[in-house]
Amino acid sequence: MTALVFSLREQPMQRLDLSPLVPNRLANLSPAEIQRIELQTTRQRLCVGDVFRVQMGDAELIRFEGGHERLDRIGYGMERGEIHVHGDVGCQAGRLMNGGKLYIAGTAGPWAGSGMKAGLIEITGSAGDRLGGPLAGETAGMRGGVVIVRKDAGERAGDRLRRGMIIIEGDAAAYAGSRMIAGTLIVRGRAGPLPGYLMSRGTIVLAEGSNVLSPTFADCGVHDLLSNALMAAFIKPYSSELAEFVRTPLRRLMGDMAGVGKGEILYPPA
Amino acid sequence: MPQLNANGVRIDDTFAEAFAMRATAVIITAPAVRWARQAAQTMTGFATSIIGCGCEAGIDCEIAADATPDGRPGVRVLLFAVSTTELQKQLQNRVGQCVLTSPGSACYAGLEAEEELKLGNALRFFGDGWQISKRFGDKRYWRVPVMDGEFVCEATTGLTKSAVGGGNIVLMGADAQKTLVAAEAAVASIAAVPDVIVPFPGGIARSGSKVGSKYKGAAASTNDAYCPTLKGCGRSELDADIGSVLEIVIDGLTPASVAAAMRAGIAATVALGPERGILRIGAGNYGGKLGPHHFHLKDLVP
């Protein structure tokens, strides 16, 4: 399959909304129609042809050559196919994704995977704040699919996570898994202060613990949980090292007892 | 009755008449295969016939640790019933009372199908609010806290409406000892066939039944035509040299699996020959008017 390639001409002078550039919205469009798609977020009109050199191909496989932190909403509402970004992206990458795969070989801004329902996002760099989280006024964040961040994540990763899995191979900043409704958040590195803040349900795995753990999480002892074998089998294709880690006995902390208290943080035993 | 002959064993030119059933399957895992087998045996105890047990159930096969969802040794169990409602009830009660209670057990879907039965979705309430739902990909599991840790149970399992119950072969020998030897050989051979169970004790039924009875309220009664002590009653189907009869009843997820099991059972008994095994093989039917599946022995002889 020949990829549909968007090569960035120069650094954009304004934030751009790339949400139209997903396989399900580009299918069956002619080159001229694609060139005319408007991307601006200010009053200055900017079309695809102004920002990118376009090399036509199958819209099921889209490649962005060159990235910038002003390229927002890449993969927004994506339903199928693949998008590969060679560079950084702005905010809300993969927001409301409902299928397909989004690969970002760079850094992602805040709200990557926000409200995502299905599919896969892999970010080889770091992710900004509120990874998978809801926008203001929304009641739930990510509700399905898988997000993998190969480096660090900002504050409130997995905020109001409802379903699905977030894997962070680096560190997570403060309030990882805050207000989680359900789902699974795994941090290979160290978590910042107060992970699981006011979480209701769901699972947070912290392979290297946290700087400050809330006293509203109750120690249930060290357990070799069978469900972690199922989790390991699921995450092995994404992170084999973490898959091995979750098979080891872990300390189970119930919480957040300041709220519903049916969630858990799985913590190194010592 | 016209007969074929294979390795000296007479084979009736007749057919086994089988019925459409609803079926499901679960995989039970445990820390050791001994405990997986124990849970499966407990769950499938008293599940020989729908006549009196509500369902027919048995162990299909053991599953190696590397092929189960949680990496522990497992056993696949099949359950058959006449209605979806009854199958759901039997599944829920049997897993709830016999698998949930067994040390270290976990229970997963053993059949993928469009239609589903509740598994963990029905048993989660044992958790009294402490149960935890986990979804990994498209599979949903329930974690129910129990006294040795957690009972992990997949939310649902598959339901098939194209299962077959009542495939059978009737083994007729000179005496009880030789007939049992042949029946054991047949059961051992059928054990290797996937997607089938032989629900009677050790896979063998010695009290084959006919429909109806002279007594009110009895749906089935002894198959007098095949009882060797009644050979002189006037309607016996047994030859003078037959002194013992055993039946192997087979339930399968598909007609093809039942046919494969019957073929395996016949081959094993024929291989023994009349000296070490049985003299004649027959099959039970109701004239072909009741069951939609007819398995003709002549098509299954090796």
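Residues numbered from 1 in each chain as written. Chains lettered and ligands numbered in written order. Predicted model: local features only at pLDDT ≥ 70, side-chain atom pairs only at ≥ 80, totals over all residues. Heavy atoms only, no water.

A. View of the overall build of chain A. If you tally the helices and strands in chain A, you get 5 helices and 15 strands. The C-alpha radius of gyration computed for chain A amounts to 19 Å, which stays within 12% of the reference 18 Å derived for 270 residues, consistent with globular compactness. Oriented by its inertia axes, the alpha-carbon framework of chain A measures out at about 65 × 35 × 25 Å. Taken over 270 residues, chain A has a buried fraction of 54%. In chain A, 42% of the contacts between residues at least 6 apart in sequence involve partners at least 24 apart. (Helix = DSSP H or I, 4+ residues; strand = E, 2+ residues; numbered from the N terminus. Rg over C-alpha atoms; globule rule 2.2 N^0.38 Å. Buried < 20%, exposed > 50% of the residue type's maximum accessible area, 1.4 Å probe, protein only. Contact = heavy atoms within 4.5 Å.)

B. Region of the structure containing the interface of chain B and chain A. Facing 16 residues of chain B, the contacting portion of chain A comprises 19 residues. Buried area between chain B and chain A, both sides added, is near 1,400 Å², and the carbon and sulfur share of it is 65%. Counting the surface chain B buries against chain A, the share from its top three residues, B:Lys134, B:Phe136 and B:Arg143, is 38%. Counting across the chain B and chain A interface gives 1 salt bridge. With its nearest N and O atoms 2.6 Å apart, the salt bridge here joins A:Glu264 to B:Arg143. The interface formed by chain B and chain A contains 6 residue pairs in polar contact (both at pLDDT 80 or more). Per-element accounting of the side of chain B that touches chain A gives the leading share, 4 residues, to strand S8 (residues 132-136) of chain B. (Buried area = accessible area lost by both parts, 1.4 Å probe. Salt bridge = Lys/Arg side-chain N within 4 Å of Asp/Glu carboxyl O. Polar contact = N/O pair within 3.5 Å; in protein donor to acceptor, adjacent residues only side chain to side chain.)

C. The side chain of B:Ser244, seen in detail. All names here are of chain B. Tracing the backbone shows Ser-244 in strand S15 (residues 244-252). The exposure class of Ser-244 is buried, given its relative accessible area of 11%. Beyond its immediate chain neighbours, meaning those up to four positions away, Ser-244 contacts Leu-171, Met-172, Gly-173, Ala-174, Asp-175, Ala-176, Thr-179 and Pro-228.

D. Spotlight on the confidence of the model for chain B. Looking at chain B, the pLDDT average stands at 95 and 99% of residues meet or exceed 70. Model confidence for the complex is summarised by a pTM of 0.93, with the ipTM given as 0.93. (pLDDT = per-residue confidence, 0-100.)

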